[in-house]
Amino acid sequence: MHHQKLFSIAPDAPFLPTLARSLMDGTLLPDWSREGAFWLSDITIYVPTKRARLALIDQLLALNGGTQLLPNIFTLGEGDDAENAFFTDPDVDSFDVTSKLYRTTILGQLIKKWAEITGQNQQPGFSSPPSTTEILAMAQSLGSLIDDFLTEEVGFERIKDLVPEELAQNWQETLKFLDIAFSAWPDHLREIGQIDAALLRRQRFDFASKSLSLRYGNRPVIAAGSTGSVPATRRFLKSISDLPNAAIVLPGFDVSMSPNEHAHLIEDKNQCHAHPQFGMAKLLREIGEGPQAVQSLGHANGARASILNATLARIEQTAYWHDQRAQIETKALSDALENVSIMALDNLDHEARAIALAAREAVETGQNVGIISPDRDLARRIKVELERFDIVIDDSAGMPLSQSPAGRWFRQLLAALQSNFKPVDLVAFLANRSVRLGRERAEISKLRELLDLSTLRGARGINGLVGIKKLIADNASGETKRVSKRLTQEEALDLIALIDDLQTAVEPICTDGETVWNMARIARAIPNLIAKICGQDAAQSGMLQGVDELLKWAEDLARCTHFSPNARPDDVIASINLLMQNISVRPPETTRQDVQIWGRIEARLLHADLMILAGLNEGVWPEIAEPGPWLSRGMKLAIKLDPPERKIGLAAHDFLMAMGAPKVLISYAKRRGTSPSDPSRFIQRLEAFLGEKRSKALYRKSAHFKTLITQIDAAETVRLSPRPAPTPPANIRPRRLSITEIETLVRDPYAIYIRHVLGLRKLRALGAAPDTAERGNLIHEVLATFVQKELDFSAPDAHQQLMDIALGVYAKLDDVADRRDIWLKRFSAIAHTVIAFERNRHVNIIQRNAEIRGSMTLPVANENVTIYGDADRIDILKSGAAELIDFKTGSIPTNKDMQNFMSPQLPMEAMILRHAGFGGVPQADSDALTYIKLSHGPNPFEVTNFATGKQSLDAVIDDYWQHFSAYAQIMLMQDHIAMAAQLMPKENQQFAGDYDHFARQKEWMIDQGDDE
């Protein structure tokens, strides 16, 4: 060598600023003249990533003040297939690169056929036939294995070097398949004139390596920041080192490494792939130099670098930790750790919040912050937490297509199609801000809310969009009796037009109104779906981030008709989600420079005043070292493929470089999801090297963040709400109550206040599962229909007639068929007991009336009060009197409640009947008030007569009316009387009232004691 060509920048030195200074002061290229304005423009620099290139440009501009032309700076494209175009394309074999998605589907065909053959021949390999998603997941893994062979330059034929006889039967079958796949895939590529991206990359590097001397001659070439992790890159860097005016700058190389240690690292039998220096050690061997040939730029390794190198050393060297720690001066050790701290948080939410607080604190003091997170979910959490401080940033590593706005829109559409537009899925889809359907977004929101409230709440047995249109029409016409909101004709037309437009939009993926679950067909329809649902300008307006990636992905998938079988909807959706995971959607631009979130690859060589290393849990950083399903670790080593531990080595080097920042904060969560999680091995090693006392000190430095995350959302004082007792003017209190509301008025006047004075109604949860109340309504409807059709309980086929009616009524539960069938079976037992009961009393009955509406208006304190309600049954007896029956599917009132005027329903019905208030039923006195409990339990039928004590039934009815009149006069006719909450609640009430949350009942009941 004519001059020093091998350099390293220590981990605790900022890489790109040091590189720029060393270039400008001549340290890197001492033989190159630095005179004039153009001396830099003849220099070529290669850096690993685009982000590093942009950052280096900023550093050079800052140093030369913009007075000189900059060097030619190219990227090596490490970690990003899109960043490999720094070479010209002529002279490379092929440029038509096959897509990974296409490769996945072709390999999926092979795997599917293999699974079929092994199943037919009862060979080992698959315990059950794999689904489409499982096949594609295996194909993706096989594609990654092919990339490993191509990248590490191991011939596919090496698979035959493995001795099948020494392996288990399942591995023997796997090797046979791999032999076929490794032959079929290259043959197929040759037939279609395409090439694997990994092979093209290798060819480009080889072409560049051979042409370097011709291209640059004596002009300087610098390669900075690459570890030479793959053979093609190592050869390229070797070719650069052979140039007369060249420099190789290694990131974080341990210049204190001994020749023996270097030799040990590169010896194959020692398997040191998990070591952070492994890649650079192999690079030095390729160049033909040892560690002594590497010179430090900026400064030699400081105490922190020494700590990190010792921490990440081979297992055999951990025995020397005590001596290595002793060799570092106490002050130097303290100074090295002064700005290093560790946070152990309870869960991911706390971790994200603590990181956001740390970033905010740094920004306030004028520092810039780099947050490195391999976990994209954690990165999104951090982004959201930062927004509470008005720090709006984007995750520069991007997000999976499936998680982008465009991907979420597409997944919501698929979910709606899968459920045939069930209420929850339809409303969720219409709530997506990208859905327009040819309208303004505000109009869509208004129509969605109208559709939700008027039609979808509590709807059962909806037959897709066609069924929804019928429900809308039935609501407007009055066919549907009980609705939360009655539609006008104009509103109904607007909603039907909306549903029509949605039907038209999804037609490309439907046949005869049914969705065709075929991936290629769905992919072909995506451009039309976006245009019709989101608008023609969705891609251009930028309102649907990820739409360009979605369209490109769909175009790619649409061509894969060779592997696109019609499958179950859930399998197709899972397959689509899987195929979208590997597509990254990056933010269009960096929102701010002082706080940024990077992935591990994006963060390489970058610098920040505060570097936050997030998600340092085992299995995250480093990731789990799994060999994959196709070759075991031992097999990979036998054919000279890198074992899975190589990923750990790369993660260790990223950790080493990130730890060199001026100020470092490390964080990890003790639990991830529902499972305990261990700190990364890097943290465990660091703590073991430093010892317990110094390790605890690192945690104490960040303790205030753990305190802050508990305080940030805490209320200064906790004040329990008092029992609400509103006193609205008497003239706005209700004068019309349903029979069931009379008991509510007595027990909980506040509920009447909310319902009638404020006009608020409880809405049933959208898409709620059928509950006991709905079950009761179904039973009531079946029994009422039997009576209304004037069918005969004494008929021999009465039970069958009841069950026929039940089948029609319970058809509303077709979307929950399992529950429908169970309830029908139990109703059959109820039907038998009802029929027996009715036959025993049949001779005494003249007329049965079911579910009939009645009302009456009587004066109370000089004002008229109307009560109304529906009677389950009014049976006119031969005596001319009536028996009123209330079917209960819940609990029956106690005798105490009946005698204490707390069960007014049947007495008030009797009062209405006495005043001829039930249309079509003649005026009559009541001879009996009867509760019949209908249960799904072991006793499906139980009769209870209304408890009158020593009074006659007429006297009880009169007393009930007198008590109601007096109570209504007090509670409804006087301004100063408070309509307080829960005046006389039911004992052992099992279910919360509709308005208990309005009353904040749990707060004041805690404050006033359980006796309340």
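The protein chain has the name Double-strand break repair protein AddB in an unreviewed UniProt entry, where Maritalea porphyrae is given as its organism.

Moving on, we get to the overall build of the protein chain. Secondary structure summary: the protein chain contains 38 helices and 23 strands in total. Here the C-alpha radius of gyration of the protein chain, 39 Å, is well above what a compact globule of 1012 residues would show, namely 31 Å. Long-range contacts, defined here as pairs at least 24 residues apart, represent 77% of the contacts in the protein chain between residues at least 6 apart. Total accessible area on the protein chain is roughly 46,200 Å²; 49% of this is exposed by carbon and sulfur atoms. Across the protein chain, the 112 positively charged side chains and the 130 negatively charged ones have centroids separated by 1 Å.

What follows covers the state of the cysteines. Inspection of the entire model under this criterion finds zero disulfides. Free of any disulfide, Cys534 has its nearest cysteine sulfur in Cys510, 16 Å distant. Cys534 sits in the buried class, given a relative accessible area of 2%.

On to helix H31 (residues 749-757), then. For H31, the set of buried residues is Pro749, Tyr750, Ala751, Ile752, Tyr753 and Ile754. Its buried side turned inward, H31 meets strand E18 (736-738), helix H30 (739-747) and helix H37 (953-972). Just downstream of H31 lies Gly759, where phi reads positive at about 75°.

Moving on, we get to empty space enclosed by the protein. Tallying each qualifying case throughout the model produces one cavity of 30 Å³ or more. There is about 40 Å³ of room inside the largest cavity. Counting residues per element, the ones that place at least two in the lining of the largest cavity are helix H32 (772-788), strand E19 (845-860) and strand E20 (863-877). The greatest single-element share of the lining of the largest cavity, amounting to three residues, is contributed by H32.

This brings us to the sheet that holds strand E6 (residues 295-297). As summarised here, the arrangement of the six strands in space is E3-E2-E4-E5-E1-E6, forming an open sheet in which the pairing is parallel. Edge positions in the sheet fall to strand E3 (72-75) and E6, since each of these pairs with one other strand and no more. Going across the sheet, the axis of each strand differs from the next one's by a mean of 25°, ignoring polarity. In the sheet, strand E1 (residues 6-9) pairs with strand E5 (residues 246-251) via four bridges, with the strands oriented parallel. When the bridges of E5 are listed, Ile9 appears paired with Pro251.

This brings us to the confidence of the model for the protein chain. The predicted model of the protein chain has a mean per-residue pLDDT of 89, with 96% of residues at 70 or higher. Here residues 79-94 is modelled with pLDDT under 50, and outside its nearest four sequence neighbours on either side it reaches 40 contacts, counting other chains as well.

So, about the UniProt feature "domain: PD-(D/E)XK endonuclease-like" (unreviewed entry) in the protein chain. Using the residue numbers shown here, the UniProt feature "domain: PD-(D/E)XK endonuclease-like" (unreviewed entry) corresponds to residues 736-955. Across residues 736-955 one finds 41% helix and 25% strand; the C-alpha atoms that close the span lie 24 Å apart.

The rules behind these values
- Residues numbered from 1 in each chain as written.
- Predicted model: local features only at pLDDT ≥ 70, side-chain atom pairs only at ≥ 80, totals over all residues.
- Heavy atoms only, no water.
- Helix = DSSP H or I, 4+ residues; strand = E, 2+ residues; numbered from the N terminus.
- Rg over C-alpha atoms; globule rule 2.2 N^0.38 Å.
- Contact = heavy atoms within 4.5 Å.
- Areas by Shrake-Rupley, 256 points an atom, 1.4 Å probe, with all protein chains shown as cover.
- Lys, Arg positive; Asp, Glu negative; His and termini not counted.
- Charge placed at Lys NZ, Arg CZ, Asp CG, Glu CD.
- Disulfide = S-S within 2.5 Å.
- Buried < 20%, exposed > 50% of the residue type's maximum accessible area, 1.4 Å probe, protein only.
- 1 Å grid on protein atoms, 1.4 Å probe; cavity = no way out; pocket = protein on both sides within 12 Å on 5 of 7 lines; lining within 4 Å.
- Points joined across faces, edges and corners; volume = space filled by probe spheres on them.
- Pairing = 2+ DSSP bridges.
- Axes fitted to C-alpha atoms, helices over the stretch in contact; angles between N-to-C directions.
- pLDDT = per-residue confidence, 0-100.
- UniProt positions renumbered as here; feature names shortened; annotations may be inferred.

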